[in-house]
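Residues per chain, in single letters:
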Amino acid sequence: MSMNQTPASERVHIGFFGKRNAGKSSVMNAVTGQDIAVVSDVRGTTTDPVYKSMELLPLGPVVMMDTPGIDDEGELGALRVKKSYQVLNKTDVAVLVIDGSIGASPEDAALMERIKAKNIPYVVVINKKELISPGAAEKISDTLGVTGRLIQVSALAGDGINELKEEIAKAANTGEPERYLVRDLLKPSDIAVLVVPIDKAAPKGRLILPQQQTIRDILEADAVSVVVKENELKSLLPQLNKKPKLVITDSQVFDKVAEDTPDDIMLTSFSILFARYKGDLESVVRGVTALDSLEDGDTVLISEGCTHHRQCGDIGTVKLPAWIQAHTGREVRIETTSGTEFPDDLSGYKLILHCGGCMLNEREMKYRLKCAEDQGVPMTNYGIAIAYMKGILRRSVEPFPEIYRLLG
């Protein structure tokens with residue numbers, strides 16, 4: 001990812017859903033003005049979700065997602081339908097495409113029920129408007145149980161596409177207050193020190209995404225960002241002309257950084273900042289105490305939102321399991337998942353440790369938290385768990401008074 005691109009996790013995710021041959025791919029291509037998705041008269045051409053990051057006016061940076069048909073058949077077809085439904089977990093705006101010559105089906109109605117249940121803003125598109133018979137639009141509306149947000153288009157002729165773009169933009173604008181990563185903790189000219197270990201897993205020649213995003217947010221606050229490796233923090237602090245407001249560290253070196261940061265300087269981690277930004281900081285703080293009730297033979301899921309080449313000393317597969325063993329003194333089983341893998345059935349786990357989720361959008365992170373909550377499985381994240389096991393959790397949430405009070 002180049003530095004001038006909005007990360008995919010920060011873009012509005014727009015998913016196009018519908019039956020085979022309803023024209024999902026054609027409608028998406030018409031909206032984007034690009035041939036992003038393969039279009040064919042053969043039913044079921046789209047066999048896997050297709051993702052494309054782009055700028056869509058009047059909305060801005062988006063990820064467009066084309067999906068397999070929700071009426072696909074056979075064993076392979078069932079897997080494709082499942083993939084389409086999984087795309088809902090990261091969808092900020094759902095576009096349901098109906099073939100105007102056929103009308104809405106039970107599959108369309110079932111998908112619309114799921115969209116509503118997940119509180120996903122949606123737009124219903126009747127494609128092939130030139131083939132619609134009188135009264136068909138009202139019948140489609142009744143079958144789906146929707147009012148408004150129903151647009152008639154012809155992807156082939158480009159008719160109605162501008163109106164559809166405007167409707168998608170309206171659906172995406174939920175009016176929720178803007179969230180901040182760190183800038184609400186800083187005043188102009190405050191100093192924030194970022195502690196960034198450069199290890200084998202660090203990408204050559206660049207900083208990883210959470211570090212980039214945090215630096216950008218500090219600059220938005222008109223504050224000063226100072227970046228340093230963990231071994232240099234102690235000697236850096238006396239050289240600064242004023243005391244930093246905040247030290248933000250990579251979780252892996254939490255204990256060393258806590259030792260080198262005076263008590264009158266607030267301390268937290270990138271992972272904790274992202275827990276607040278993406279999901280629910282309070283629930284992952286509550287979830288961490290489950291570490292103390294683990295028994296021999298219990299299974300812990302360690303889940304990462306991205307896929308990367310595992311290095312020697314990898315945090316998810318090596319460091320965290322070792323720290324859990326040292327903290328609990330128990331022989332627990334560890335399972336790991338990464339990227340889009342997140343089990344539907346979590347009942348076999350006594351605890352889930354999730355990464356900060358910088359590569360996941362807010363909706364998917366909240367979906368994972370809700371899955372765990374609904375199944376009664378405690379869930380926490382790397383930064384919270386490491387701070388807890390190192391005995392510095394209370395100090396690391398001091399920047400957030402409501403959470404700090406929660407810990408007494």
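This one's a predicted model, so the numbers in the text were calculated from it and none came from an experiment. (Residues numbered from 1 in each chain as written. Predicted model: local features only at pLDDT ≥ 70, side-chain atom pairs only at ≥ 80, totals over all residues. Heavy atoms only, no water.)

Considerations on the packing of aromatic side chains
Inclusion rule: To pair, rings of Phe, Tyr and Trp, with the six-membered ring standing in for Trp, must have centres within 6.5 Å; the planes then decide the type, stacked if under 30 degrees apart, edge-to-face if over 60, and tilted in the middle. Comment: elements are numbered from the N terminus, with helices defined as DSSP H or I runs of at least four residues and strands as E runs of at least two. Throughout, exposure labels follow a simple rule: accessible area from a 1.4 Å probe, protein chains only, divided by the maximum for the residue type, with under 20% read as buried, over 50% as exposed, and the rest as partly exposed. Counted as over-ring charges are cases with an Arg CZ or a Lys NZ within 6 Å of the ring centre that also lie within 35 degrees of the ring normal.
The full count for this structure, using the stated rule, is 1 aromatic pair. Taking 6.2 Å as the distance between ring centres and 90° as the angle between the ring planes, the aromatic pair formed by Phe274 and Tyr277 counts as edge-to-face. Note that Phe274 and Tyr277 are positioned in helix H9 (residues 270–278) at a spacing of 3 residues, about one turn of the helix. Of the two residues, Phe274 and Tyr277, neither departs from the other in class, the shared state being buried. A cation over a ring is seen here: Arg394 above Tyr404, with NZ or CZ 4.2 Å from the ring centre.

Focus on the pattern of salt bridges
Short version of the rule: When a carboxyl oxygen of Asp or Glu lies within 4 Å of a side-chain nitrogen of Lys or Arg, that pair is called a salt bridge.
Under the defined criterion, the tally for this structure stands at 25 salt bridges. Lys370 is paired through a salt bridge with Asp374; the nearest N and O atoms lie 2.8 Å apart. One end of the pair, Lys370, and the other, Asp374, are both in helix H12 (residues 362–374), 4 residues apart, so they sit about a helical turn from each other. When salt bridges that share partners are traced, they join Arg20, Asp71, Asp72, Glu73 and Arg80 into one network.

So, the pairing of strand E1 (residues 12–18)
It is a general feature of regular strands that their side chains alternate between the two faces of the sheet. Applicable threshold: Two strands make a pair as long as DSSP finds a minimum of two bridges between them.
For E1, the buried fraction is high: 6 of the 7 residues fall into the buried class. As defined by bridge partners, E1 adjoins strand E3 (residues 60–66) across 5 bridges and the pair is classed as parallel. Note that in E3 the partner of Val12 across the bridge is Val62. Two strands pair when backbone bridges link them, and E1 and strand E4 (residues 93–99) are joined in this way by 5 bridges, in the parallel orientation. When the bridges of E4 are listed, Ile14 appears paired with Val93.

Overview of the environment of Val397
The line we're drawing: Note on contacts: a residue pair is in contact if any heavy atoms of the two residues lie within 4.5 Å.
Mapping Val397 onto the fold places it in the loop between helix H14 (393–396) and helix H15 (401–406). When the C-alpha positions of Val397 and Ile272 are compared, they lie 7.9 Å apart, and in sequence the two are 125 residues distant. Sequence-distant contacts of Val397, that is, excluding residues within four places in its chain, are made with Val285, Ile403, Tyr404 and Leu407.

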